[in-house]
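Here is what each chain is made of, one letter per residue.
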Amino acid sequence: MGDKINTAQNGNFHSKDFAHAYYDESNHNAALTRHHHTQNEIIFVKEGQCTFDISGEAYTIKKNQIVLISALENHSTHSMHTPYHRYVFVSSMDLCSDYIHDPIMSSAFVRSNQHLGVIDLTPETADEMEGYFKTLVSETASHEVKWKERCATTLFNILILLYRSNPEAFAIQKNPDDLNVIFAIKDYIDHNYSQPLSLETVAQSFYINKYYLSHQFKEIIGYGFKKYIQLIRINKAKILLQNTSLTVNEICTKIGYDNINYFIRLFKEKEEMTPYQYHKMFYQHHSGK
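Reading the values: rules and limits
Residues numbered from 1 in each chain as written. Predicted model: local features only at pLDDT ≥ 70, side-chain atom pairs only at ≥ 80, totals over all residues. Heavy atoms only, no water. Helix = DSSP H or I, 4+ residues; strand = E, 2+ residues; numbered from the N terminus. Buried < 20%, exposed > 50% of the residue type's maximum accessible area, 1.4 Å probe, protein only. Contact = heavy atoms within 4.5 Å. Areas by Shrake-Rupley, 256 points an atom, 1.4 Å probe, with all protein chains shown as cover. Expected span 1.5 Å × (residues − 1). Polar contact = N/O pair within 3.5 Å; in protein donor to acceptor, adjacent residues only side chain to side chain. Axes fitted to C-alpha atoms, helices over the stretch in contact; angles between N-to-C directions. Parallel < 35°, antiparallel > 145°, perpendicular 65-115°, else oblique. Nonpolar A, V, L, I, M, F, W, Y, C, P; charged D, E, K, R; others polar. Pairing = 2+ DSSP bridges. pLDDT = per-residue confidence, 0-100. Phe/Tyr/Trp six-rings, centres within 6.5 Å; stacked < 30°, edge-to-face > 60°.

## Some details on the overall build of the chain
Thinking step 1. When its secondary structure is counted, the chain shows 12 helices and 7 strands.
Thinking step 2. The buried share of the chain, taken over its 289 residues, is 50%.
Thinking step 3. Look at the contacts in the chain between residues 6 or more apart in sequence, and 75% of them connect residues 24 or more apart.
Thinking step 4. Accessible surface for the chain amounts to roughly 13900 Å². Of this, 48% is attributable to carbon and sulfur atoms.

Okay, structure coming up:
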């Protein structure tokens, strides 16, 4: 597809943004649809309840509960029961990869750990959590000097709070050396996804056995090595489809693929639509058409 894609300009939040937080009160029962954003998401419910489908599994989140959703996982909102009051913090994958270098804290957003279910908070922990979310709402609205750093610090505080009360939601059972090397490789992929990447060459770069890498990566991250690269590339393609005027061919090359048909097939398998259909849906949603 060679036609230029127009960039959607409307809407309050685009995936190129570093982070966004808000508090919302819904007072009408509703059945909502699939979410198409490309960021990590944390939802903290203050009142009511909502049911989510995350990678094919249903999770109901209620008052004083919190759920973390990875940017790489498809999810949708099935229904909500009002009054439904919640804080939401949505952040790019860059926030974790650039600012949070503790693999145990970062593991809260990896697939192998996060879906142990919804996390319960005590009333005292919920009060402390609300304070952190209020900070995030303020910082992402004001964009004062060093707001990104404060958001990253606040997210780190949230993860520490969750770790202290729910350590089972983190990769504490893993060998620290394994965690360090696998998260270093994950970070390498996150920043070099547009380059040729193979199990053999990455294993050589990190001086480890390729079979060890393959096994440990799947065990710790929750996706196989090749699958994770595919998901990162599709995630980056979605961001480009939302925020640039690049053609689908140009995006295919930019994210590291040289076969447009292969890219379109992978994209459709993940998003259930073609790249152009994805852009069109996003543009119509944010333009109000």
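Next comes the rest of the description.
## Quick word on helix H6 (residues 176–192)
Thinking step 1. With 17 residues, H6 ought to run about 24 Å at 1.5 Å a step, and its terminal C-alpha atoms sit 24 Å apart, in line with that.
Thinking step 2. Listing the buried residues of H6 in full gives Asp178, Leu179, Val181, Ile182, Phe183, Ile185, Lys186, Ile189 and Asp190.
Thinking step 3. Residues of H6 that are buried make contact with helix H1 (93–99), helix H2 (103–106), helix H7 (199–205), helix H8 (210–221) and helix H9 (225–243).
Thinking step 4. A distance of 2.7 Å separates the backbone nitrogen of Asp177 from a side-chain oxygen at the start of H6, and that oxygen is part of Asn175.

## Regarding the packing of H9 against helix H11 (residues 260–271)
Thinking step 1. In contact at an axis separation of 10 Å, H9 and H11 are set at 90° when each is read in the N-to-C sense. Taken together, H9 and H11 sit at an angle that is classed as roughly perpendicular. Side by side, H9 and H11 meet where Lys226, Gln230, Leu231, Ile234, Ala237, Lys238 and Leu241 of the first sit next to Tyr262, Phe263, Leu266, Phe267, Lys270 and Glu271 of the second.
Thinking step 2. When grouped by side-chain class, the residues that make up the contact of H9 with H11 number 8 nonpolar, 1 polar and 4 charged.

## A closer look at the environment of Ile43
Thinking step 1. Considering the arrangement of structural elements, one finds Ile43 in strand S3 (residues 40–54).
Thinking step 2. Of the residues examined, Ile43 reaches a relative accessible area of 2% and is grouped as buried.
Thinking step 3. Those residues in contact with Ile43 that sit more than four places away from it in its chain are Phe52, Ile61, Gln65, Ile66, Val67, Ile69, Tyr84, Arg86, Tyr87 and Val88.

## Here we look at the pairing of strand S4 (residues 57–62)
Thinking step 1. Bridging between S3 and S4 involves 6 bridges; their strand directions are antiparallel. Counted as the bridge partner of Cys50 is Ile61 from S4.
Thinking step 2. The turn joining S3 and S4, which pair antiparallel and follow one another in sequence, is formed by 2 residues; a positive phi near 50° is taken by Ser55.

## Digging into the packing of H6 against H8
If you want to describe how two helices pack, look at the angle between their axes and the distance between the axes.
Thinking step 1. Put simply, H6 and H8 touch, their axes get as near as 10 Å, and they point 90° apart. Classified by the angle between their axes, H6 and H8 sit roughly perpendicular to one another. Taking contact as the criterion, the partners of Asp178, Leu179, Val181, Ile182, Phe183, Ile185, Lys186 and Ile189 in H6 are, on H8, Tyr212, Leu213, Gln216, Phe217, Ile220 and Ile221.
Thinking step 2. Taken together, the residues of the contact of H6 with H8 sort by class into 11 nonpolar, 1 polar and 2 charged.

## A closer look at the pairing of strand S5 (residues 65–69)
Thinking step 1. Burial runs high along S5: 5 of the 5 residues are buried.
Thinking step 2. Neither face of S5 is exposed, since Gln65, Val67 and Ile69 on one face and Ile66 and Leu68 on the opposite face are all buried.
Thinking step 3. Across 2 bridges, S5 lies against strand S7 (residues 119–120) in antiparallel orientation. Across the sheet, the residue bridging to Gln65 is Asp120, located in S7.

## Re the confidence of the model for the chain
Thinking step 1. When pLDDT is averaged along the chain, the result is 86; 87% of the residues meet or exceed 70.
Thinking step 2. Confidence drops under a pLDDT of 50 for residues 1–13, and excluding neighbours within four residues, the segment shows 39 contacts in the predicted structure.

## Details of the side chain of Gln230
Thinking step 1. Mapped onto the elements of the fold, Gln230 is located in helix H9.
Thinking step 2. Residues contacting Gln230, with those up to four places away along its chain left out, are Tyr257, Tyr262 and Leu266.

## So, the packing of aromatic side chains
Thinking step 1. With the rule as written, the count across this model stands at 14 aromatic pairs.
Thinking step 2. Seen from their ring centres, Phe44 and Tyr87 are 6.1 Å apart, and the 15° between their planes marks the pair as stacked. Of this pair, Phe44 sits in strand S3 while Tyr87 sits in strand S6 (residues 75–91); the two residues are 43 residues apart in sequence, bridging distant segments of the chain. Grouping residues by exposure puts Phe44 and Tyr87 together as buried.
Thinking step 3. On the numbers, 5.8 Å between centres and 80° between planes, the contact of Tyr188 with Phe206 is edge-to-face. Separated by 18 residues along the polypeptide, Tyr188 in helix H6 and Phe206 in the loop between H7 and H8 bring together distant segments of the chain.

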